[in-house]
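Structure at a glance
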Protein chains: 2
Amino acid sequence: MNRVIEYAKRAKAVAGTLAALSPAIKNKALLAIADSLSDQRERILAENRRDLQAAKALVESGRLAESLYRRLKLDEQKISEIVNGFRQVASMEEPVGRTLDATELDEGLELRRVSCPIGVIGVIFESRPDALTQISSLCLKSANPVLLKGGSEAENSNRVLFGIIQEAAAANGIPRDAFALLESREDVNALLKAEGLVDLIIPRGSNALVRFIQQNTTIPVLGHADGLCHIYVDSSADLSQAIEVICDAKIDYPAVCNAVETVLVHKDVARVLLPPLLDRLRTGGVEVRCDTETRSELGLTNTKVATEEDWSTEYCDLILSVRVVESLQEAIDHINRYGSRHTESILTGDLVAWERFFSEVDSAGVFLNASTRFADGFRYGFGAEVGISTSKLHPRGPVGLEGLVTYKYRLTGEGHTAGMYSGPNGRRFKHRKID
Amino acid sequence: MNRVIEYAKRAKAVAGTLAALSPAIKNKALLAIADSLSDQRERILAENRRDLQAAKALVESGRLAESLYRRLKLDEQKISEIVNGFRQVASMEEPVGRTLDATELDEGLELRRVSCPIGVIGVIFESRPDALTQISSLCLKSANPVLLKGGSEAENSNRVLFGIIQEAAAANGIPRDAFALLESREDVNALLKAEGLVDLIIPRGSNALVRFIQQNTTIPVLGHADGLCHIYVDSSADLSQAIEVICDAKIDYPAVCNAVETVLVHKDVARVLLPPLLDRLRTGGVEVRCDTETRSELGLTNTKVATEEDWSTEYCDLILSVRVVESLQEAIDHINRYGSRHTESILTGDLVAWERFFSEVDSAGVFLNASTRFADGFRYGFGAEVGISTSKLHPRGPVGLEGLVTYKYRLTGEGHTAGMYSGPNGRRFKHRKID
């Protein structure tokens, strides 16, 4: 039997025990893990240096990107952040066992919808060792056993971090099998096929990684392949505000999924807005690609031409495509056709246009007069973020701790049978909401 | 291009329009459909008779089950139920546009989680023409375009019902492309591959149908292949109540997914409970299969022997497997190993045992002292039921109208940028819950 299946079976076997743990035990374990990581920072840094050394050779021979090397690197400050992360998660509100809804069906027969863990979660992440610690803390708090697969470049860092977490947790009443570390590509393939044992897969990494995983498993996947966000400048927008919001959404952090990639501009304001907007973007180092017609009509000879491909491209870089549209409807259609269902913003003073944009745009986040960069678990106030989901069903959008729990129905009776409610003389349900 | 892809594209194109429809327009259309169906009952019955005639030949030659024939049959009363179904759905609470959560992120910057339609839904159902009408009404109310594929035995019935619904809806402001009727097996295969165009698939039919669909698509599937429900009789159960609840859960309607299939009995009460329980079950026509040890120990020579296969079998019939367990833990382990995550009930007077059972049993419904037959959208008070989901993520358990909506995040600002919140002098988020 593949060892992933073995790990997943063992994880599933302790899922019930984990689900029944009190908040106090989970929080005590989280704090103990924080202390243990803090105590062993030298050991962690030493193992990280081994990874860095190997990675350096790969960077020099061009087989590893410089940016991946930077993400791999741990230092004193990063370790402090990791330690604080565990402490923060310990202080967060308990996600398991919350009553979401309650209904009195009849005298003595009460139905409650109660939050509970999802089950075994498989996480696949690249390079960053702090992804391992962050996900581990959130899975422990939400009582989900977790199978962790990190990048091979971070092998030694992941092993030492994993070992410390598992040991400290086990010493504080958490079953060892609540955590497992996967290490090979075959492990990933086995994970994708572990239907019935693994309940959710969370890929954190490149678009290509996420897309590969989505297309090769029937297990639910939490994540997003693309973040192709749009801003639409309506005819009644405050144009100087529009320049600020667009520059923020493009320049503040262009490599992330909530940066804007395409700006749509209503034809009535294009002539006034575009020249100063494009100047500001260029000053910020942004390459602008504009639809052919507008480019020639407005004489925007400084800008490149946007092709069909540009509308479907997440640049993750200081590049922005710009298109002038005839109407709100054309903007909505463009977004629903080319977008990735991540986040879109309309800049307008017209609340009727806003309501239509909100109803008709099919994305996890639909914003009014705000930068797309707000689509983020921390900014939303979730305290932590597991990832951003572009699927339509729950969890959708930025996913915090709440996205790692599901619910079950809790029905308490006093010997009630369905037969009591059948026939002309049967009892009738009350269906009364209770608190 | 396959016509299913064409239908799905057109459905997706009107999804935004549908999502923006006012409750009044949707409800008016639902009532108009009800009237139109009522006015045309003769036509519907005539088309249904054509299907029945063809089906009769199949039943006589043994190629169609008698039970399918019965489900296919419409009569005056069934049509009245269909008509009333549309009127009831019209009177239900509006599911779209509800604010589920609201947070003030900062002055003038408010985040809301708002319910919205899921998108294009593909429904595959067998024989019963009333499945078509029920799903159509719920999809219209929840503003989801729907592609409907019924059984070929009901071809003429489905066509006439579909035509009336689409016409009456179109005459009342609903886009025609919000409904499409699929008819062939190739259509189903195309539907399963329509990722990116179809957002959810709902199979309603045999376990084999559901399993086939779950295993052959990466689109989320709402449904359950099996309903293998358990009742566990704890040592402190009220035994005469236990007999009533078990007989109800097995005999009330054995063909449905929420009937009990396996009863687990704590060893301390087996000797007292089993003889009268088995007598009552036999009186009700139930064949009992018991684990070997208990059968010989208690001299239950009247009962068959339960094999390993019985623990994994959903009988959908007047058959019940019975197993005596050493402990609560053994009962929980049995359920989590053999169960289908549908619904399980513990009969006990011990609230500590109940809490452990509730936390550790991994099923959509976990009940105390109540029949498993309560796992049902109508009994839960949802007003209607789309199906019962055994997936871990939303929607889980009996699914009503609420299961046909998801949510999006609505952020309203006044030109807010992420940059305003960065750096040591940046603004701080408030993250204050609002109503």
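Above this text is the structure in question.
A brief report on the enclosed structure follows. All values derive from a computational prediction rather than experimental measurement.

**A short note on the overall build of chain A**
Assigned secondary structure in chain A consists of 15 helices and 17 strands. Expressed along its principal axes, the backbone C-alpha trace of chain A runs to roughly 75 × 75 × 35 Å. Expressed as a percentage of its 435 residues, the buried residues of chain A come to 59%. Counting only contacts in chain A whose residues sit at least 6 apart along the sequence, the fraction spanning at least 24 positions is 71%. Roughly 17,200 Å² of accessible area belongs to chain A as shown, and the carbon and sulfur atoms make up 48% of that amount.

**What to know about the relation of the copies chain A and chain B**
The two copies are related by a screw operation: chain A maps onto chain B through 180° of rotation and 0.0 Å of translation along the axis, at an RMSD of 0.0 Å. The two molecules are tied by a two-fold rotation axis, judged by turn and shift.

**Structural notes on unusual backbone geometry**
Residue and element names in this part refer to chain A. In this structure, proline 395 follows histidine 394 across a cis peptide bond, with omega equal to -10°. With respect to the element layout, proline 395 can be found in the loop between strand 14 (387–389) and strand 15 (397–399). Despite not being glycine, histidine 431 shows a phi value in the positive range, around 50°. Assignment of secondary structure puts histidine 431 in the loop between strand 16 (405–416) and strand 17 (432–433). Its relative accessible area of 31% is what places histidine 431 among the partly exposed residues.

**Brief notes about the packing of helix 2 (residues 23–39) of chain A against helix 5 (residues 76–91) of chain A**
Residue and element names in this part refer to chain A. At a closest axis distance of 8 Å, the pairing of helix 2 and helix 5 adopts a crossing angle of 170°. It follows from the interaxial angle that helix 2 and helix 5 lie roughly antiparallel. Only Ile79, Ile82, Val83, Phe86, Arg87, Val89 and Ala90 of helix 5 make contact with helix 2, whose side of the interface consists of Asn27, Leu30, Leu31, Ile33, Ala34, Asp35, Leu37 and Ser38. Considering only residue class, the contact of helix 2 with helix 5 consists of 11 nonpolar, two polar and two charged.

**Considerations on helix 6 (residues 129–141) of chain B**
Each full turn of the α-helix corresponds to 3.6 residues, which orients residues three or four apart in the same direction. Residues and elements named next belong to chain B. For helix 6, spanning 13 residues, the distance from its first C-alpha to its last is 19 Å, which sits close to the expected 18 Å at 1.5 Å a residue. Taken across its 13 residues, helix 6 has 12 buried, putting it largely inside the fold. Just past helix 6, the residue alanine 143 takes up positive phi, approximately 65°.

**Regarding the sheet that holds strand 2 (residues 109–117) of chain A**
Pairing is mixed across the open sheet formed by 11 strands, whose spatial order is 17(A)-1(A)-2(A)-16(A)-13(B)-12(B)-7(B)-8(B)-11(B)-9(B)-10(B). Looking at the sheet topology across the chains shown, the edges are occupied by strand 17 of chain A together with strand 10 (304–305) of chain B. Where strand 2 of chain A meets strand 16 of chain A, eight bridges bridge the pair, whose relative direction is antiparallel. Looking at the pairing, A:Leu111 lines up with A:Leu411 of strand 16 of chain A. Here helix 10 (residues 239–251) of chain B sits on the sheet in contact with strand 16 of chain A together with strand 7 (229–233), strand 8 (260–266), strand 11 (319–325), strand 12 (343–347) and strand 13 (365–370) of chain B, set at roughly 170° to strand 7 of chain B.

**A short note on the environment of A:Leu74**
Residue and element names in this part refer to chain A. By secondary structure assignment, the location of leucine 74 is in the loop between helix 4 (66–72) and helix 5. Between the C-alpha atoms of leucine 74 and valine 4, which are 70 residues apart in sequence, the distance is 28 Å. Not counting residues up to four positions away in its chain, the partners in contact with leucine 74 are Ile44, Leu45, Asn48, Ile82 and Pro129.

**A word on the pairing of strand 6 (residues 200–204) of chain B**
Residues and elements named next belong to chain B. A large share of strand 6 lies buried, amounting to five of its five residues. Neither face of strand 6 is left uncovered, since the one carrying Leu200, Ile202 and Arg204 and the one carrying Ile201 and Pro203 both have all their residues buried. Relative to strand 6, strand 3 (residues 121–125) runs parallel, the two being bridged by five bridges. Along strand 6, the bridge assignment pairs phenylalanine 125 with arginine 204.

**Some remarks on the sheet that holds strand 5 (residues 179–182) of chain A**
Residue and element names in this part refer to chain A. Strand order in the open sheet formed by four strands is 5-4-3-6, with parallel pairing between adjacent strands. The sheet is open, and its two borders are formed by strand 5 and strand 6 (200–204), each paired with just one other strand. Within the sheet, the average angular offset between the axes of one strand and its neighbour, ignoring direction, is 15°. The strands that helix 6 (residues 129–141) touches are strand 3 (121–125), strand 4 (146–149), strand 5 and strand 6; relative to strand 4, the one it contacts most, it runs at about 175°.

What counts as what
- Residues numbered from 1 in each chain as written.
- Chains lettered and ligands numbered in written order.
- Predicted model: local features only at pLDDT ≥ 70, side-chain atom pairs only at ≥ 80, totals over all residues.
- Heavy atoms only, no water.
- Helix = DSSP H or I, 4+ residues; strand = E, 2+ residues; numbered from the N terminus.
- Buried < 20%, exposed > 50% of the residue type's maximum accessible area, 1.4 Å probe, protein only.
- Contact = heavy atoms within 4.5 Å.
- Areas by Shrake-Rupley, 256 points an atom, 1.4 Å probe, with all protein chains shown as cover.
- Least-squares fit on C-alpha atoms with pLDDT ≥ 70 in both.
- Axes fitted to C-alpha atoms, helices over the stretch in contact; angles between N-to-C directions.
- Parallel < 35°, antiparallel > 145°, perpendicular 65-115°, else oblique.
- Nonpolar A, V, L, I, M, F, W, Y, C, P; charged D, E, K, R; others polar.
- Expected span 1.5 Å × (residues − 1).
- Pairing = 2+ DSSP bridges.

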